[in-house]
Amino acid sequence: MTRSVRLFHGASVKVELVSEYQFFPEPPAGGELIHTRRYEVRTYKLAPDRFLLRGVIVDEKPAGLYVARDPEVLWVHHMIVDLEVTFPMFVIDKVHVEFKERPHTHCTDIEPDYQKLVGLSIARGFNNKVKELFGGPRGCTHIGALLAAMAPVAIQSGWSMRAGAAMGTQTLPTDMSPEDQRKRAYAMNLNTCHMWDENGQMVKEIEQGIPMEVPLWITKRFTKLGLDDSEWAKFRG
């Protein structure tokens, strides 16, 4: 997947939308790979007020481990979950669950049950609600694990929706100002980790009107591009 991006000197180039970076460390000395589980979650903007959150889970056995002289890796699970989410409310509007690979014929019997996700907020309390609805014999443990991985991506995607508006590549919902959206995002982050502790230093500084530090990943990229951190304030508006 590629996209045209205009560079700082005005030229346009085609760039990859997904990196090829090898993020996994080398195996330990003498270690033999016996299983790989992959989660991948991607978000697609459908409109200024909604996005599609797509999650995939795959369990993979190395070639030859289960079937002697088999030259190909063996997938034992492959499930896909699509959640259409409203923005900025973060409410699930549509659900599609598909079992592409599974160990038992009737694993797919549970697929329709996940329509119970429709109408739920994917923000606060989502994981607890998923456990309540689909924990144990009420659901699929692998779909449950995938949903847990997808929820924080929805929140990250909210920042991306706002970033698109800041860059002028998309418009904000007309019933909410950029400032109101920033406040909503800030509220959603409260108490989600030690950095966002409502009694912590960072939240106190935000409430005092002190600008948040520029994200470290932005500083690194700006340095590489020869830009100053002040550009971040211009971007955020």
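This section reports on the structure supplied with the text. Computed from a predicted structure; not experimentally measured.

Observations concerning the overall build of the chain
Thought 1: Within the chain, the secondary structure is distributed over six helices and six strands.
Thought 2: Helices and strands in the chain line up, N terminus first, as β-β-β-β-β-β-α-α-α-α-α-α.
Thought 3: In the chain, which comprises 237 residues, the proportion classed as buried is 30%.
Thought 4: Sequence separation of at least 24 residues holds for 49% of the intrachain contacts in the chain that already meet a minimum separation of 6.
Thought 5: For the chain, the computed accessible surface area is about 15,700 Å², with 55% contributed by carbon and sulfur atoms.

Focus on the sheet that holds strand E6 (residues 92-101)
The strands making up a sheet associate through backbone hydrogen bonding, with each pair oriented either parallel or antiparallel.
Thought 1: Judged by pairing direction, the sheet is antiparallel, and its four strands sit side by side in the order E3-E4-E5-E6 without closing on themselves. In this open sheet, the two edge strands, each paired with only one partner strand, are strand E3 (36-47) and E6. Pairwise comparison of adjacent strand axes, ignoring direction, gives a mean angle of 10 degrees for this sheet.
Thought 2: Two elements, strand E4 (residues 50-61) and strand E5 (residues 74-86), share 12 bridges in a ladder whose sense is antiparallel. Within the sheet, the bridge partner assigned to Asp 59 lies in E5 and is His 77.

Points about the pattern of salt bridges
Thought 1: Tallied over the entire structure, the rule returns eight salt bridges.
Thought 2: The partner of Arg 37 in a salt bridge is Asp 59, and the shortest N-O contact between them spans 2.6 Å. Taken as a pair, Arg 37 in strand E3 and Asp 59 in strand E4 lie far apart in primary sequence, 22 residues in all.
Thought 3: According to the relative accessible area criterion, Asp 59 is buried, its value standing at 3%.
Thought 4: Among the salt bridges present, the one from Arg 54 reaches Asp 82, with a minimum N-O distance of 2.7 Å. You can see Arg 54 sitting in strand E4 and its partner Asp 82 sitting in strand E5, a full 28 residues away along the chain.
Thought 5: The buried category is assigned to Asp 82, whose relative accessible area is 12%.
Thought 6: Overlapping salt bridges, with partners in common, bring together Arg 50, Glu 84 and Asp 93 in one network.

So, the environment of Phe 90
Thought 1: By the secondary structure assignment, Phe 90 is in the loop between E5 and E6.
Thought 2: Put simply, Phe 90 and Ile 155 are 65 residues apart on the chain and 8.1 Å apart in space, counted from C-alpha to C-alpha.

Structural notes on the nonpolar core
Thought 1: Within the largest apolar cluster, 33 residues are counted, with the highest numbers of intra-cluster contacts made by Leu 83, Phe 90, Tyr 114, Leu 117, Ile 122, Ile 143 and Leu 147.
Thought 2: Among the elements of the structure, E4, E5, E6, helix H1 (126-134) and helix H2 (141-167) are those that each provide at least two residues to this core.
Thought 3: The leading source of residues in this core is H2, at eight residues.

A word on the packing of aromatic side chains
Thought 1: Counting across every chain of the model gives four aromatic pairs.
Thought 2: Judged by centre distance (6.4 Å) and plane angle (65 degrees), the rings of Phe 23 and Phe 24 are edge-to-face. Per residue, the accessibility class of Phe 23 equals that of Phe 24, and both read exposed.
Thought 3: Summarising the aromatic geometry, the rings of Tyr 114 and Phe 134 are spaced 4.3 Å apart at their centres and angled 25 degrees between planes, so their arrangement reads as stacked. On the criterion of sequence distance, the pair formed by Tyr 114 in the loop between E6 and H1 and Phe 134 in helix H1 is long-range, its members being 20 residues apart. Neither Tyr 114 nor Phe 134 differs from the other in exposure class; each is buried.

Notes on H1
Since there are 3.6 residues in each turn of an α-helix, residues three or four apart along the chain are aligned in direction.
Thought 1: Those residues of H1 that fall on the buried side of the exposure criterion are Phe 126, Val 130, Leu 133 and Phe 134. Buried residues of H1, viewed axially, fall in a sector of 70 degrees; they line one side. Away from its buried face, by an angle of more than 90 degrees, H1 presents the exposed residues Asn 128, Lys 131 and Glu 132.
Thought 2: One or two residues past the end of H1 sits Gly 136, with phi positive at roughly 60 degrees.

The rules behind the values
Residues numbered from 1 in each chain as written. Predicted model: local features only at pLDDT ≥ 70, side-chain atom pairs only at ≥ 80, totals over all residues. Heavy atoms only, no water. Helix = DSSP H or I, 4+ residues; strand = E, 2+ residues; numbered from the N terminus. Buried < 20%, exposed > 50% of the residue type's maximum accessible area, 1.4 Å probe, protein only. Contact = heavy atoms within 4.5 Å. Areas by Shrake-Rupley, 256 points an atom, 1.4 Å probe, with all protein chains shown as cover. Pairing = 2+ DSSP bridges. Axes fitted to C-alpha atoms, helices over the stretch in contact; angles between N-to-C directions. Salt bridge = Lys/Arg side-chain N within 4 Å of Asp/Glu carboxyl O. Core = buried A, V, L, I, M, F, W, Y, C linked by side-chain atoms within 4.5 Å. Phe/Tyr/Trp six-rings, centres within 6.5 Å; stacked < 30°, edge-to-face > 60°. Arc of directions from axis to C-beta.

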